[in-house]
Amino acid sequence: MPNKPRAPLRPLTTSERQYLDQLVRSGSTSFLIVSRAIMLLAVADGASYPEAARRGGRTDRHLVASLVHRFAAEGLEALERRPSGHPPIKYGPAEAERILSAFKRAPDLEQDGTATWSLSLLQRALRTAPDGLPQVSTWTIFHVLHTAGYSWQKTRTWCNTGVVTRKRGGQVVEVTDPDTDRKKG
């Protein structure tokens with residue numbers, strides 16, 4: 001004899017049942033959401049958790065139990081996928097601007113110990129600055145620079161993509177590639 005669920009599904013409102021039925025019939029909704037809607041409707045119609053899991057294309061009754069528990073707490077939001085697999089973002093636009101301003105500053109050989117920026121040297125400068133970012137990672141710096149349009153050139157330091165300096169007629173001029181956006185894809 002199956003165990004009785006600890007927290008049975010609360011009665012569905014008319015609008016919730018209509019929404020779940022609509023999701024089940026939808027041809028463009030993701031399988032995960034449709035499967036969860038099928039399981040909730042099955043439990044609401046009196047099916048056991050193992051039977052509801054089978055109807056939803058699953059095998060684990062505990063999945064149904066956790067879905068019912070989430071539905072009781074969150075309502076229809078329980079159908080959506082939760083973000084997972086990565087730590088929360090610590091740095092927002094203000095911090096990204098701080099990283100870009102530090103990058104745009106020419107490094108001081110005495111203070112920074114370099115004439116050109118590398119990710120680790122920029123990280124060290126940002127971590128030790130009084131108004132810096134004490135836990136910034138090189139990946140965060142890379143991501144901010146890449147989003148701003150900079151790429152790593154193997155023979156040089158971080159450069160603005162599509163912009164190079166050339167010697168022309170005894171002067172140093174900045175040359176911009178007009179096809180940069182097309183080449184970046």
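The written sequence of each chain sets the order in which its residues are numbered from 1. Per-residue local features of the predicted model are confined to residues with pLDDT of at least 70, and side-chain atom pairs are confined, for both listing and counting, to 80 or more; whole-chain, interface and lining totals are unaffected and use all residues. Each side-chain value is worked out from all heavy atoms of the structure, with water and hydrogens disregarded.

Focus on the packing of aromatic side chains
Argument step 1. Only the six-membered ring of Trp is used, alongside the rings of Phe and Tyr, when aromatic pairs are assigned; centres must lie within 6.5 Å, and planes under 30 degrees apart are stacked while those over 60 apart are edge-to-face, with the rest tilted. If you walk through the whole model with that rule in mind, you get one aromatic pair.
Argument step 2. Both rings, one in F103 and one in Y150, keep their centres 4.8 Å apart while their planes meet at 70 degrees; by these two values the pair is edge-to-face. You can see F103 sitting in helix α5 (residues 93–104) and its partner Y150 sitting in strand β1 (residues 150–152), a full 47 residues away along the chain.
Argument step 3. Y150 sits in the buried class, given a relative accessible area of 13%. By the criteria applied, helices consist of DSSP H or I runs no shorter than four residues and strands consist of E runs no shorter than two, each listed in order from the N terminus. Exposure is judged per residue with a 1.4 Å probe applied to protein chains only, and the accessible area is read against the type maximum: over 50% gives exposed, under 20% gives buried, and values in between give partly exposed.

Comments concerning the pairing of strand β3 (residues 163–168)
Argument step 1. Bridge count between β3 and strand β4 (residues 171–176): six bridges; the pairing is antiparallel. Looking at the pairing, R168 lines up with Q171 of β4.
Argument step 2. Whether two strands pair comes down to DSSP finding at least two bridges between them. Counting the residues between successive antiparallel strands, the hairpin from β3 to β4 contains two residues, one of them, G169, with a positive phi of roughly 60 degrees.

Describing the confidence of the model for the protein chain
Argument step 1. Averaged over all residues, the pLDDT of the protein chain is 85; the fraction at 70 or higher stands at 92%.
Argument step 2. On a range of 0 to 100, pLDDT expresses the predictor's confidence in each residue. Between the elements of the protein chain, mean pLDDT differs from a low of 66, seen in strand β2 (residues 158–160), to a high of 93, seen in helix α3 (residues 49–55).

Some details on the environment of A106
Argument step 1. With respect to the helices, strands and loops of the structure, A106 is situated in the loop between α5 and α6 (109–112).
Argument step 2. Note on A106: relative accessible area 61%, which makes it exposed.
Argument step 3. Between the C-alpha atoms of A106 and V64, which are 42 residues apart in sequence, the distance is 58 Å.

Brief notes about helix α4 (residues 61–74)
Because an α-helix packs 3.6 residues into every turn, residues spaced three or four apart end up facing the same way.
Argument step 1. With 14 residues, α4 extends 20 Å from end C-alpha to end C-alpha; this agrees with the ideal 20 Å at 1.5 Å per step.
Argument step 2. What α4 keeps buried is the set V64, L67, V68, R70 and F71. The arc enclosing the buried residues of α4, seen along the axis, measures out at 165 degrees, which places them on a common side. Away from its buried face by more than 90 degrees, α4 exposes H69, A72 and A73.
Argument step 3. For this analysis, residues touch if any pair of their heavy atoms sits within 4.5 Å. Where α4 is buried, its residues meet α1 (14–25), α2 (31–44) and α3.
Argument step 4. The opening residue of α4, the one whose side-chain oxygen lies 3.0 Å from the backbone nitrogen of H62, is D60. Given the number of residues in a helix, its expected span is that number minus one, multiplied by 1.5 Å. The arc refers to the directions leading from the helix axis to the C-beta atoms. Polar contacts, as counted here, are pairs of nitrogen or oxygen atoms within 3.5 Å of one another; within protein the pair requires one atom able to donate a hydrogen and one able to accept it, and residues that are adjacent in sequence qualify only if both atoms are side-chain atoms.

Quick look at the packing of α2 against α4
Argument step 1. Here α2 crosses α4 at 85 degrees, and the two axes come no closer than 10 Å. On the basis of the axis angle, α2 is roughly perpendicular to α4. For the pair α2 and α4, contact is made by R36, M39, L40 and V43 and by L63, V64, L67, V68, R70 and F71, respectively.
Argument step 2. In this classification, Asp, Glu, Lys and Arg are treated as charged, Ala, Val, Leu, Ile, Met, Phe, Trp, Tyr, Cys and Pro as nonpolar, and every other residue, Gly included, as polar. A class-by-class count of the residues in the contact of α2 with α4 yields eight nonpolar, no polar and two charged. Only the stretch in contact is used when fitting a helix axis, every axis being a line fitted to C-alpha atoms; angles between N-to-C directions are given from 0 to 180 degrees. Should an angle fall under 35 degrees it is called roughly parallel, over 145 degrees roughly antiparallel, and 65 to 115 degrees roughly perpendicular, with every other angle called oblique.

Topic: the pattern of salt bridges
Argument step 1. One speaks of a salt bridge when a side-chain nitrogen belonging to Lys or Arg is within 4 Å of a carboxyl oxygen belonging to Asp or Glu. Following the criterion strictly, the structure yields seven salt bridges and no others.
Argument step 2. Here E16 makes a salt bridge to R10, at a shortest N to O gap of 2.8 Å.
Argument step 3. By relative accessible area, R10 is classed as partly exposed at 29%.
Argument step 4. Note that R182 and D179 form a salt bridge whose closest N and O atoms lie 3.5 Å from each other.
Argument step 5. Looking at R182, the relative accessible area reads 61%, which means it is exposed.
Argument step 6. Since its relative accessible area comes to 32%, D179 is described here as partly exposed.
Argument step 7. In this structure, a network of salt bridges that share partners links the residues E51, R54 and R55.

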